[in-house]
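Listed below are the residues making up each chain.
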Amino acid sequence: MSTAIQTGDARPVIIEKYLEKHNSPLLPYADVLLAASEKYDVDYRLIVAIAQCESNLCKKSPPGSFNCWGFENGTTKFLSMEQALDQVAKTLRERYLDDGLVTPKQIMTRYAPPSVEKGGPWAKCVSQFIEELEYGKF
């Protein structure tokens, strides 16, 4: 008799538990978020962490904009949350990661340049939430 232990992908559970704990409007889109992160090879934690810093996980985004990531200082309006998640992941891949901007501190220089002059609070915020998701500190 042999016993095989299989491990599953914990990412869907981590995303759902995190969004649920924070009562996020993103919760129904957890699977879409993960799919977009996989499609563009972007760490799901980065997508979640930016939304946490920019809009308290979509609780403070412009009404009807589906812009939880502060794109263009919040002026970008997406047609749906699905479109927003796809575009966010694609943009992070093409305009940041592919250009070698891979850490929150590096991404901040282009994503949130005013934060650089203030000592980098944007990068610190994003890093904090990535760490929470990494180590389950939520």
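Residues numbered from 1 in each chain as written. Predicted model: local features only at pLDDT ≥ 70, side-chain atom pairs only at ≥ 80, totals over all residues. Heavy atoms only, no water.

Remarks on the confidence of the model for the chain
Now for step 1: The share of residues in the chain with pLDDT of 70 or more is 95%, and the mean pLDDT across the chain is 93.
Now for step 2: pLDDT under 50 marks residues 1-6. Its contacts with residues more than four places away, or in other chains, come to zero contacts. (pLDDT = per-residue confidence, 0-100. Contact = heavy atoms within 4.5 Å.)

Quick notes on the environment of Pro28
Now for step 1: Checked against the element boundaries, Pro28 lands in the loop between helix 1 (11-21) and helix 2 (30-39).
Now for step 2: The class for Pro28 is exposed, based on a relative accessible area of 60%.
Now for step 3: In this structure, the C-alpha to C-alpha distance between Pro28 and Thr76, residues 48 residues apart in sequence, is 22 Å. (Helix = DSSP H or I, 4+ residues; strand = E, 2+ residues; numbered from the N terminus. Buried < 20%, exposed > 50% of the residue type's maximum accessible area, 1.4 Å probe, protein only.)

Description of the nonpolar core
Now for step 1: Ranked by size, the top nonpolar core spans 42 residues in total, and within it Leu26, Ile47, Trp69, Leu92, Tyr111 and Trp122 carry the most contacts.
Now for step 2: Looking at this core, the elements with two or more residues in it are helix 1, helix 2, helix 3 (44-55), helix 4 (81-96), helix 5 (104-111) and helix 7 (121-135).
Now for step 3: Ignoring anything within four residues of it in the chain, the contact list for Leu26 reads Leu19, Leu33, Ala51, Leu57, Cys58, Trp69, Met81 and Leu85. (Core = buried A, V, L, I, M, F, W, Y, C linked by side-chain atoms within 4.5 Å.)

Quick look at helix 3
Now for step 1: Taking 1.5 Å per residue as the helical rise, helix 3 with its 12 residues ought to reach 16 Å, and the 17 Å between its terminal C-alpha atoms agrees with that figure.
Now for step 2: The set of residues buried in helix 3 consists of Tyr44, Arg45, Leu46, Ile47, Val48, Ala49, Ile50, Ala51, Gln52 and Ser55.
Now for step 3: Looking at the buried side of helix 3, the elements it contacts are helix 1, helix 2, helix 4, helix 5 and helix 7.
Now for step 4: Of the residues trailing helix 3, Asn56 is marked for its positive phi of about 55°. (Expected span 1.5 Å × (residues − 1).)

Here we look at the packing of aromatic side chains
Now for step 1: This structure, assessed with the given rule, holds four aromatic pairs.
Now for step 2: For the pair Tyr96 and Tyr111, a centre-to-centre distance of 5.7 Å together with 50° between the ring planes defines the contact as tilted. Note that Tyr96 is positioned in helix 4 and Tyr111 in helix 5, a separation of 15 residues in sequence. Each member of the pair, Tyr96 together with Tyr111, is buried.
Now for step 3: Among the aromatic residues, those joined into a ring-pair cluster are Phe71, Phe78, Tyr96, Tyr111 and Trp122.
Now for step 4: Positioned above the aromatic ring of Tyr96, the side-chain terminus of Arg110 is 5.9 Å from the ring centre. (Phe/Tyr/Trp six-rings, centres within 6.5 Å; stacked < 30°, edge-to-face > 60°. Lys NZ or Arg CZ within 6 Å of the ring centre and 35° of its normal.)

Quick look at the packing of helix 4 against helix 5
Now for step 1: The N-to-C vectors of helix 4 and helix 5 enclose an angle of 95°; their axes lie 11 Å apart at closest approach. Judged by the inter-axis angle, helix 4 sits roughly perpendicular to helix 5. Along the contact surface, helix 4 presents Leu92, Arg95 and Tyr96, while helix 5 presents Ile107, Arg110 and Tyr111.
Now for step 2: Here the contact of helix 4 with helix 5 is built from residues that sort into four nonpolar, no polar and two charged. (Axes fitted to C-alpha atoms, helices over the stretch in contact; angles between N-to-C directions. Parallel < 35°, antiparallel > 145°, perpendicular 65-115°, else oblique. Nonpolar A, V, L, I, M, F, W, Y, C, P; charged D, E, K, R; others polar.)

Describing the side chain of Arg45
Now for step 1: Of note, Arg45 is situated in helix 3.
Now for step 2: Beyond its immediate chain neighbours, meaning those up to four positions away, Arg45 contacts Ile130, Leu133 and Glu134.

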